[in-house]
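Descriptive structure summary
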Amino acid sequence: MARRWGSIPPMPVEIDIAKVAALARIALSDEELAAYGAQLGVILEHAERVQALPTDDVEPTSHPLPLVNAFRPDEVRPSLDRDDVLAQAPDAVDGYFRVPQILDGP
Amino acid sequence: MSVIPEGWEAVIGIETHVELQTRSKMFCGCRVDFGDDPNTAVCPVCLALPGALPVANEAAIDGIVRIGTALDCTINERSLFYRKNYFYPDLPKNYQISQYTYPVCEHGRIVVDVDGEPTVIGITRVHMEEDTGKSLHMGEGGRIQDADHTLLDFNRAGVPLVEIVTEPDIRTPDQARAYGAELQRIVRTLGVSDARLEEGSMRFDANISVRRTGTSELGTRTEIKNVNSLRSMQRAIAFEIERQIEVLATGGTVIQETRHWNETTGRTTAMRSKEESEDYRYFQEPDLLPLFIDEQWRDRVKASMPELPAQLRARLVAAGADERTAGLLADSPLLAGLFDAAVRAGAEAKTVASWLTGEVVAYARRVGTTVDELSLTAEHLVELAAMVAEGELSATAAKQVLAGVLAGEGGPRQVAETMDLLQISDSGAIEAVVADVLGEHPDALEKIRSGDSKPIGFLVGQVMRATGGKADPKMVQEIIRRSAGR
Ligand SMILES: [Zn+2]
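Residues numbered from 1 in each chain as written. Chains lettered and ligands numbered in written order. Predicted model: local features only at pLDDT ≥ 70, side-chain atom pairs only at ≥ 80, totals over all residues. Heavy atoms only, no water.

Attention shifts here to the overall build of chain A. Scanning chain A from terminus to terminus reveals 3 helices and 3 strands. Taken from the N to the C terminus, the helices and strands of chain A come in the order α-α-β-α-β-β. Within the span of chain A, comprising 106 residues, buried residues form 18% of the whole. Long-range contacts, defined here as pairs at least 24 residues apart, represent 47% of the contacts in chain A between residues at least 6 apart. For chain A, the accessible surface area stands at approximately 8,100 Å², while carbon and sulfur atoms represent 58% of it. (Helix = DSSP H or I, 4+ residues; strand = E, 2+ residues; numbered from the N terminus. Buried < 20%, exposed > 50% of the residue type's maximum accessible area, 1.4 Å probe, protein only. Contact = heavy atoms within 4.5 Å. Areas by Shrake-Rupley, 256 points an atom, 1.4 Å probe, with all protein chains shown as cover.)

Residue and element names in this part refer to chain B. Strand order across the open sheet formed by 3 strands is E6-E5-E16, with antiparallel pairing between neighbours. Whereas interior strands pair on both sides, the edge strands pair on one side only; in this sheet they are strand E6 (95-98) and strand E16 (283-284). In this structure, strand E5 (residues 82-85) lies alongside E16, joined through 2 bridges in antiparallel fashion. Its bridge partner being in E16, tyrosine 82 is matched across the sheet by glutamine 284. (Pairing = 2+ DSSP bridges.)

Before going further, it helps to spend a moment on the pairing of strand E8 (residues 117-130) of chain B. All names here are of chain B. Within E8, 10 of the 14 residues are buried, which leaves it mostly tucked inside the rest of the structure. The pairing of strand E7 (residues 105-114) with E8 spans 9 bridges and is classified as antiparallel. Pairing of arginine 109 across the sheet is with glycine 122, part of E8. Two successive antiparallel strands, E7 and E8, enclose a turn made up of 2 residues, where aspartate 115 displays a positive phi of approximately 50°. With 7 bridges connecting them, E8 and strand E11 (residues 160-166) associate as antiparallel partners. By the bridge assignment, isoleucine 123 is partnered in E11 with threonine 166.

Moving on, we come to the coordination of the zinc ion. Where a metal carries four tetrahedral donors, each ideal angle is 109.5 degrees; where it carries six octahedral donors, the ideal angles are 90 or 180 degrees. Residues and elements named next belong to chain B. Surrounding the zinc ion are the protein donor atoms Cys28 (SG), Cys30 (SG), Cys43 (SG) and Cys46 (SG), at 2.3 Å. In this structure, the zinc ion is coordinated by 4 donor atoms arranged in tetrahedral fashion, with angles at the metal of 100 to 117°. Read N to C, the donor residues that coordinate the zinc ion are spaced as C-x1-C-x12-C-x2-C. Cysteine 46 shares its class with cysteine 43; the two are buried. (Donors = N, O, S within 2.8 Å, 3.2 Å for Na, K, Ca; no water. Tetrahedral: all angles 85-135°; square planar, octahedral: opposite > 155°, others 65-115°.)

Okay, the sheet that holds strand E15 (residues 267-270) of chain B next. Residue and element names in this part refer to chain B. Spatially, 9 strands are ordered E3-E7-E8-E11-E1-E12-E13-E14-E15 in an open sheet, and the strand pairing comes out mixed. For this open sheet the edge positions go to strand E3 (74-75) and E15, each flanked by a neighbour on one side alone. Those strands touched by helix H2 (residues 173-190) are strand E1 (8-19), E7, E8, E11 and strand E12 (202-212), and its axis lies near 115° from that of E7. (Axes fitted to C-alpha atoms, helices over the stretch in contact; angles between N-to-C directions.)

Further remarks concern the interface of chain B and chain A. Across the boundary between the two partners, chain B contributes 61 residues, which contact 42 residues of chain A. Taken together, the two surfaces of chain B and chain A that pack against each other cover about 4,800 Å², and 59% of this comes from carbon and sulfur. Three residues stand out in chain B for area buried against chain A, namely Phe87, Tyr102 and Leu289 of chain B, and they jointly supply 14% of the buried area on that side. On the surface where chain B and chain A come into contact, there are 1 salt bridge. Across the pair aspartate 279 of chain B and lysine 19 of chain A runs a salt bridge whose closest N-O atoms are separated by 3.2 Å. When contributions to the side of chain B that touches chain A are tallied by element, the ones reaching two or more residues are strand E2 (56-57), helix H1 (58-70), strand E4 (78-79), strand E9 (134-139), strand E10 (147-153) and strand E17 (291-292) of chain B. Of the residues forming the side of chain B that touches chain A, the biggest block, 7 residues, is contributed by E10 of chain B. A class-by-class count of the residues in the side of chain B that touches chain A yields 34 nonpolar, 13 polar and 14 charged. (Buried area = accessible area lost by both parts, 1.4 Å probe. Salt bridge = Lys/Arg side-chain N within 4 Å of Asp/Glu carboxyl O. Nonpolar A, V, L, I, M, F, W, Y, C, P; charged D, E, K, R; others polar.)

Okay, here's the thing in structure tokens:
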């Protein structure tokens, strides 16, 4: 299958706002679902208009900057102090973060 | 191992995760060290503190290019990082930086050999991602279902992880195991990972479905997780094939699900299924630039490739080892090196190969060490093989001498002398003893002359006794026959 570099898989025009909210773990009221649904619809419409532009002669981009390969050498840098780190957490024990029971895997 | 029943075929694909052994993590400078106390190798990037930005580790990218090159992949000139979004406590950012379209490597292959039958297993893709943290489920039995809380250690979060995905080209549990073993050997040979299954630096997930032989449509597949040895992978796949065939043969349907392998019960069980279907909402990672792996980079990696296991095995076979022995030797760089050097110096290949894979390995196991710790040298092997070839040592005595050399008692000749194992290889000396023995047993000699070969064994025994067992019995027998004119 020939793929164009940087081409983006087509986006759905219809958006199931309740599903998107559930995936993002955001609880929305019915009013909010309607309001955000409408706002996202405007954004999608805009994207659709952009996609309609003739871009056959335009080299696709995947990043606004014309740069590639921003690398870091494989060198160890100091990590944070554990006590400072765990002090930010709601719950910690014996050097670990502690979270409530997990029912389901990823 | 179970055999797939007549009329059925299994279709298996394997996803393998390999942790790269870089000094620092994939996108931050925290050290990669699994012996550390929990949460001591963490920073704003790998803990996902607000505002922290990832920067890719060049050595990790080089590592995946090496893996892809060794697996005969196309190395894509351009590739992209994506965010794979899901919620789980061991994933601090709520997304994993991974790849989606445009992975670093695609379209590779591994050839595995099962019972002398080579099978080509296609590699769909090899992509770069980051590992998650480690969860410790606390509560009765440590089972996730019974846990009342979970402890998290983020030292592993952000460690460079390479995922290698095969085509559904695997048909049997044996092939799956052979694939896993070969991939492990390749990764270790490249020096990019220690690839230890029991410690999780190499992890396998297997996708399995079954169908009637002769059909091309794929059956519903299940994914097996939690196999932490090559043997468990083989057993888990065999169990799952059997289970699916049983379900289908009795009119049931296979449910697409993830199943957990239980080493103790030897069974797979369904993991709790999720309420919503998987939707990772992949999108391009805006915090990272595209990768551009140019021809120069690809060529540099190609030029630095070590001899890969398949090449080494082929070379050992060409040097005179049989396929099985070559496989055993190739698993230990040290043994392969000793074999190589000894054969090049003129030692007989089959003899040396049998010592290395037999006595040497057994000795190391017996004294509880690894072959790498032994003080055996190629010179020892060359000298010992020469002594056998010259008839100074019998094959049995050579093994005793080898044991002495391995125990550090000295070189082969020294050990042979100390143990008084040197054979009389001088045929003149043996002839003299034979003449004495024949003189003492004229009746036996007469019988042999008249065509009865029965007393030969008795006479050989007498000569062996007279020489204290140091004569070559074959040579003794020849001389007796010659003396009797037979
Ligand atoms: Zn870090």
